[in-house]
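Examination of the molecular architecture
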Amino acid sequence: MRAASAHRLQDLAQHIAGEVRGDAEYLITGMAPLDTAEAGDIAFFQASSLRSCLQSSQAGAVILSSEFADDFSGHCIVVKNPYAAFAKTMQYLFPVARSEPGIHHSAQLDRNVQIHPEVRMDAFVKVEAGAQIAARVWLEAGVFVGADVQIGAGTHVYPGAKIYSGCRIGERCVVHAGAVIGADGFGFAEENGKYLKIPQIGGVLIGNDVEIGANTCIDRGVLTDTILADGVKIDNLVQIGHNVQIGAHTVIAGQTGIAGSTRIGSHCRIGGQVGITGHVEIADNCVIAGQSAITHSLRSPGVYSGVVPAHEITRWRRIVARFDGLDTLFRRVKNLEKKSAHQASTDGEPFHGE
């Protein structure tokens, strides 16, 4: 992809804290994958399995670690973390277009709203009473902002997203199209075979630099807030139940479902289609593999994985109890095998008596 303007390799290296090897004045005009990059393009390399591709690449320059710097004959920028440098390079070469302030004539603003002069509102945006929207916020077409919502500076809300009343969103956040923030949590009490709705009167509190994917839903709390701390990244089609708390810089992949009142620590990585039951706690720095089922608290950092098809509940409990004993049973069987082998060898020895 072509950049809007050319950039010296030295300027780019300075931006990503890298070291140039080759011509520091070489001009970068675009970015492309390693195998299709041409003169003027910069690519990045990280996977050692693609070493032959690096050696044959026609890229004008490559971002890589010192471990592989000798495998590329052209210009390069040597960095400690090529993938992070790739992200910074993309931001540098292809900056997000800055929105021009202004409110479209079809936008509807209720009474007592506080709108900073640098806000942009596109067609058919609706902002209800008491909302506060800070500088450089961009609300794209069809966004709904409920009563008393607060949106921090520099946040970008894509078309059709809905932010219910009383929710608070921090600075520099991204809310993608179709996301719903602050819908009622799934709270019902059973009585005589019918379900009584439990009013959901809490809100949603979202920190700074949070990104929320398209069609993701974050439910409001029952009495207190559902909370996403600073730097959380949520993929598309994720369901976050009422009163969930997610720690700083945790990332969650698509189609994950998190039931109510779960607490997830900081710097966790949760794969796609993970199911997490309610009222459990997950420690900081946990990694949960895709399609795992988390039915109990994970109190120590580590990598977790596992899912078993559903069974009738009584049978399932027996299976789980037997899982816990499998390791002990395995060791017993191995010991029996050793004893049996030793006995067989003893029985087969020749007789040396008189």
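This section reports on the structure supplied with the text. (Residues numbered from 1 in each chain as written. Predicted model: local features only at pLDDT ≥ 70, side-chain atom pairs only at ≥ 80, totals over all residues. Heavy atoms only, no water.)

**Some details on the packing of aromatic side chains**
In plain terms, the rule: Under the pairing criterion, centres of Phe, Tyr and Trp rings, with the six-membered ring standing for Trp, must be within 6.5 Å; the plane angle then separates stacked pairs below 30 degrees from edge-to-face pairs above 60, leaving the rest tilted. The numbering of helices and of strands both runs from the N terminus, where a helix is a DSSP run of H or I of at least 4 residues and a strand a run of E of at least 2. Relative accessibility decides the category of a residue: with a 1.4 Å probe and only protein chains considered, values under 20% of the type maximum give buried, values over 50% give exposed, and everything between is partly exposed.
Across all of its chains, the model carries 5 aromatic pairs by this definition. Between F44 and Y83 the ring centres are 5.7 Å apart and the planes differ by 40°, which places this aromatic pair in the tilted class. Taken as a pair, F44 in strand 4 (residues 41-44) and Y83 in helix 3 (residues 82-93) lie far apart in primary sequence, 39 residues in all. Considering the side-chain rings of Y83 and F86, the 6.0 Å spacing of their centres and the 15° angle between planes classify their relative orientation as stacked. Of this pair, Y83 and F86 both sit in helix 3, 3 residues apart, which is roughly one turn of that helix. The partly exposed category is assigned to Y83, whose relative accessible area is 49%. Cluster of aromatic residues (ring-pair linked, three or more members): F44, Y83 and F86.

**Examining the sheet that holds strand 9 (residues 114-115)**
Using the following cut-off: Pairs of strands are assigned from DSSP output, requiring at least two bridges between the strands.
One open sheet accounts for 9 strands, arranged 9-12-15-18-23-26-29-32-35; its pairing is parallel. Strands at the two margins of the open sheet, each flanked by one partner only, are strand 9 and strand 35 (281-282). Direction of pairing for strand 32 (residues 263-264) relative to strand 35: parallel, over a ladder of 2 bridges. The residue bridging R263 from the neighbouring strand is E281, located in strand 35.

**Remarks on unusual backbone geometry**
Of note in this structure, A17 is not a glycine but carries a positive phi near 55°. Topologically, A17 is positioned in the loop between helix 1 (9-15) and strand 2 (19-21). Even without being a glycine, L237 presents a positive backbone phi close to 55°. Among the structural elements, L237 can be located in the loop between strand 27 (233-234) and strand 28 (239-240).

**Focus: helix 3**
Since the α-helix advances by 3.6 residues per turn, residues separated by three or four positions end up pointing in the same direction. So the rule is basically this: Expected span of a helix: the number of residues minus one, times 1.5 Å. To be clear, the arc concerns the directions from the helix axis to the C-beta atoms. Residue contacts are counted whenever heavy atoms from the two residues lie within 4.5 Å of one another.
For helix 3, built from 12 residues, the straight-helix expectation of 16 Å at 1.5 Å per residue is met to within 8% by its first-to-last C-alpha distance of 16 Å. Inspection of helix 3 places P82, A85, T89 and L93 among the buried residues, and these make up the whole buried set. Down the axis of helix 3, the smallest arc covering the buried residues is 65°, so these residues share one side. For helix 3, the elements touching its buried residues are strand 1 (2-8), helix 1, strand 3 (27-31), strand 4 and strand 5 (61-64).

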